[in-house]
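Analysis of the macromolecular model
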Amino acid sequence: MSSDDPSNAPVKRDAREAVREKAQLVHAKQSRMRIIRRSLLGVAALAVVAVIAGSLVWVVSSNASKPQLSPANVVDNGFAISSVTGATGQADAERGMTEATPAPAEVSPNVTLAEPAQSDAAVDIRVYIDYLSEGSRTFQMANMKQLASWVDDGSASLTYYPVAMLSAKSNGTKYSLRAASAAACVATHSQETFFTYTNELLTKQPDVDADGMSDKELADLAQASGVIEPKIVRECIEEARFAAWAREATDRALKGIPDTDGLALTGTPTVLVNGEPYVGALDDPAEFAQFVMTLASDKYYEETNPTPTPTPTP
């Protein structure tokens, strides 16, 4: 008996057709799912792009509408001293001054540097300081009492220019920049205590290549200096609001110092008296006082004896 039974052939063909149809249905379903997935991915991608584009537009428009933070009470990136109250007493205590230490009052006792009728101040003193600069500290500690005396009696105007030339010298904490920003915060919100805060920053100056004070410690020092509105000053300091300004002010000073004969900042402190750079000893208040008095005298005689204008000959 033969095994090739013709009655079995249609059954096999029907089974194969059923399998083929099922495979086609599965393939069609998979194709539809792929199309749906691609569509969903495309929509999601478009949504992400739209969100990113919207965010970029918002950031750009926000930055365009928000002005660059700059401190108040600033002229040519400097802060004029309006008050010296309480500064010298604190600094003397920190220095541990002895009777053998010459006080500036002994160097220039009650010297008036200007005739009020001729000028509001005989000399204009400008000091570019980096709060991490050892030279800046030396100059301030040696001369603060006579500087305060001259400002107090109106003999001199005094302006400080915080710069950040030594930002790379503090283990990556950028102390120099942060201290300059903190000083700008104090000058903005409590100008009367700026001189005191400058003294405190220099008196408590950290070592070069050390971390320096944290932002919180800088704010604590400002509060201890007697700033008004300490909460606002603290927020300003801890957020380093004027760090970008301090960096730009430093860059500008390195390119050129205003109202000088082509001078540019090359180191700190840079001390200018009536635009003339002081090149004497930083720790000798007598030498600095003599330099100041000489320029004050020159200005006084220029004002009291002006050069006569030549009379034209007929």
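Residues numbered from 1 in each chain as written. Predicted model: local features only at pLDDT ≥ 70, side-chain atom pairs only at ≥ 80, totals over all residues. Heavy atoms only, no water.

Labelled according to an unreviewed UniProt entry, the chain appears under the name Thioredoxin domain-containing protein, originating from Microbacterium pullorum.

**Observations regarding the packing of helix α5 (residues 175-189) against helix α9 (residues 243-255)**
We count it as follows: To get an axis, a line is fitted to the C-alpha atoms, and for a helix only the part in contact is used. The angle between two axes follows their N-to-C directions and goes from 0 to 180 degrees. Numbering of helices and strands runs from the N terminus; a helix is a DSSP stretch of H or I covering at least four residues, while a strand is a stretch of E covering at least two. These descriptions rest on fixed angle ranges, namely under 35 degrees for roughly parallel, over 145 for roughly antiparallel, 65 to 115 for roughly perpendicular, and the rest for oblique. It only takes one pair of heavy atoms within 4.5 Å for two residues to be counted as in contact. Put simply, Ala, Val, Leu, Ile, Met, Phe, Trp, Tyr, Cys and Pro go in the nonpolar bin, Asp, Glu, Lys and Arg in the charged bin, and everything else, Gly too, in the polar bin.
It is the contact of α5 with α9, at a shortest axis distance of 8 Å, that shows an interaxial angle of 110 degrees. In terms of orientation, α5 lies roughly perpendicular with respect to α9. Across the interface between the two elements, Leu 177, Ala 180, Ser 181 and Ala 184 from α5 touch Ala 243, Trp 245, Ala 246 and Arg 247 from α9. Partitioning the contact of α5 with α9 into residue classes produces 6 nonpolar, 1 polar and 1 charged.

**Here we look at the state of the cysteines**
The criterion, for reference: Only a pair of cysteine sulfur atoms within 2.5 Å qualifies as a disulfide here. A 1.4 Å probe rolled over the protein chains alone gives each residue an accessible area, and that area as a share of the maximum for its type sets the label: buried under 20%, exposed over 50%, partly exposed in between.
If you walk through the whole model with that rule in mind, you get 1 disulfide. Across a sulfur-sulfur distance of 2.0 Å, Cys 185 and Cys 236 are joined as a disulfide pair. Disulfide Cys 185-Cys 236: torsion about the S-S bond near -75 degrees, hence left-handed. Residue Cys 185 is found in helix α5, and its partner Cys 236 is found in helix α8 (residues 230-238); the two are separated by 51 residues along the sequence. Taken individually, Cys 185 and Cys 236 each receive the classification buried, so the pair is uniform in this respect.

**Details of the nonpolar core**
The cut-off we apply is this: Residues belong to one nonpolar core when they are buried, are Ala, Val, Leu, Ile, Met, Phe, Trp, Tyr or Cys, and are joined through side-chain atoms within 4.5 Å.
Ranked by size, the top nonpolar core spans 58 residues in total, and within it Ile 125, Leu 158, Tyr 160, Tyr 197, Leu 201, Ile 237 and Phe 288 carry the most contacts. Setting aside residues no more than four positions away along its own chain, Ile 125 makes contact with Leu 147, Trp 150, Ala 156, Ser 157, Leu 158, Thr 159, Val 271, Leu 272, Val 273, Phe 288 and Val 292.

**Quick word on the packing of helix α6 (residues 194-203) against helix α7 (residues 215-224)**
Using the following cut-off: Handedness of each helix crossing follows the sense of rotation of the near helix against the far helix: counterclockwise by less than a right angle gives left-handed, clockwise gives right-handed.
α7 packs onto α6 with a crossing angle of 130 degrees between their chain directions and a minimal axis gap of 9 Å. With respect to their mutual orientation, α6 and α7 come out oblique. At the point where α6 passes α7, the crossing takes the right-handed sense. Contacts between α6 and α7 involve Tyr 197, Glu 200 and Leu 201 on the former and, on the latter, Leu 218, Leu 221 and Ala 222. Within the contact of α6 with α7, the residues separate by chemical class into 5 nonpolar, no polar and 1 charged.

**Points about the sheet that holds strand β1 (residues 79-80)**
The cut-off we apply is this: Think of it this way: DSSP has to see at least two bridges between two strands before they count as a pair.
What the 5 strands build is an open sheet, ordered β1-β3-β2-β4-β5; its pairing is mixed. Where the open sheet ends on each side, the last strands, each with one partner, are β1 and β5 (276-277). Relative to β5, strand β4 (residues 270-273) is paired through 2 bridges, and the arrangement is antiparallel. In the strand pairing of β5, Val 273 is matched with Glu 276.

**Here we look at the pairing of β4**
Across the two faces of β4 the burial is the same, with Thr 270 and Leu 272 and Val 271 and Val 273 all buried. Bridge count between strand β2 (residues 123-129) and β4: 4 bridges; the pairing is antiparallel. Residue pairing across strands places Arg 126 opposite Leu 272, the latter belonging to β4. The hairpin turn running from β4 into β5, its antiparallel successor, is 2 residues long, and Asn 274 in that turn takes a positive phi close to 50 degrees.

**Regarding the pairing of strand β3 (residues 156-162)**
Our working rule: A clockwise course of the path from the first strand over the helix to the second, judged with the strands pointing away from the viewer, identifies a crossover as right-handed.
Counting buried residues along β3, 6 of its 7 residues qualify, which places the element largely inside the surrounding structure. Where β1 meets β3, 2 bridges bridge the pair, whose relative direction is antiparallel. Paired with Ala 80 across the strands is Thr 159, a residue of β3. Note: β2 against β3, 7 bridges, orientation parallel. The partner of Val 123 across the bridge, within β3, is Ala 156. Taken together, β2, helix α4 (residues 134-152) and β3 constitute a β-α-β crossover, and its handedness is right-handed.

**Points about the confidence of the model for the chain**
What counts, and what does not: Each residue carries a pLDDT value, the predictor's own confidence for that position, ranging from 0 to 100.
For the chain, per-residue confidence averages 81 on the pLDDT scale, and residues scoring 70 or more make up 68% of the total. Taken as a whole, residues 57-67 scores under 50 in pLDDT and shows 0 contacts with residues more than four places along the chain or in a different chain.

**Some points on α4**
To keep things clear, this is the line we draw: To estimate the expected span of a helix, subtract one from its residue number and multiply by 1.5 Å.
With 19 residues, α4 extends 26 Å between its outermost C-alpha atoms, agreeing within 8% with the 27 Å of an ideal straight helix rising 1.5 Å per residue. Once α4 finishes, Gly 154 follows within two positions and takes phi at roughly 80 degrees, a positive value.

**Focus on α7**
Because an α-helix packs 3.6 residues into every turn, residues spaced three or four apart end up facing the same way. Basically, it comes down to this: Along the arc lie the directions from the helix axis toward the C-beta atoms.
When we look at burial in α7, the residues that qualify are Leu 218, Ala 219, Leu 221 and Ala 222. Buried residues of α7, seen end-on, are gathered within an arc of 160 degrees and therefore sit on one face of the element. Opposite the packed face of α7, turned more than 90 degrees from it, sit the exposed residues Lys 216 and Ala 224. Positioned one or two residues after α7, Gly 226 has a phi angle of 90 degrees, which is positive.

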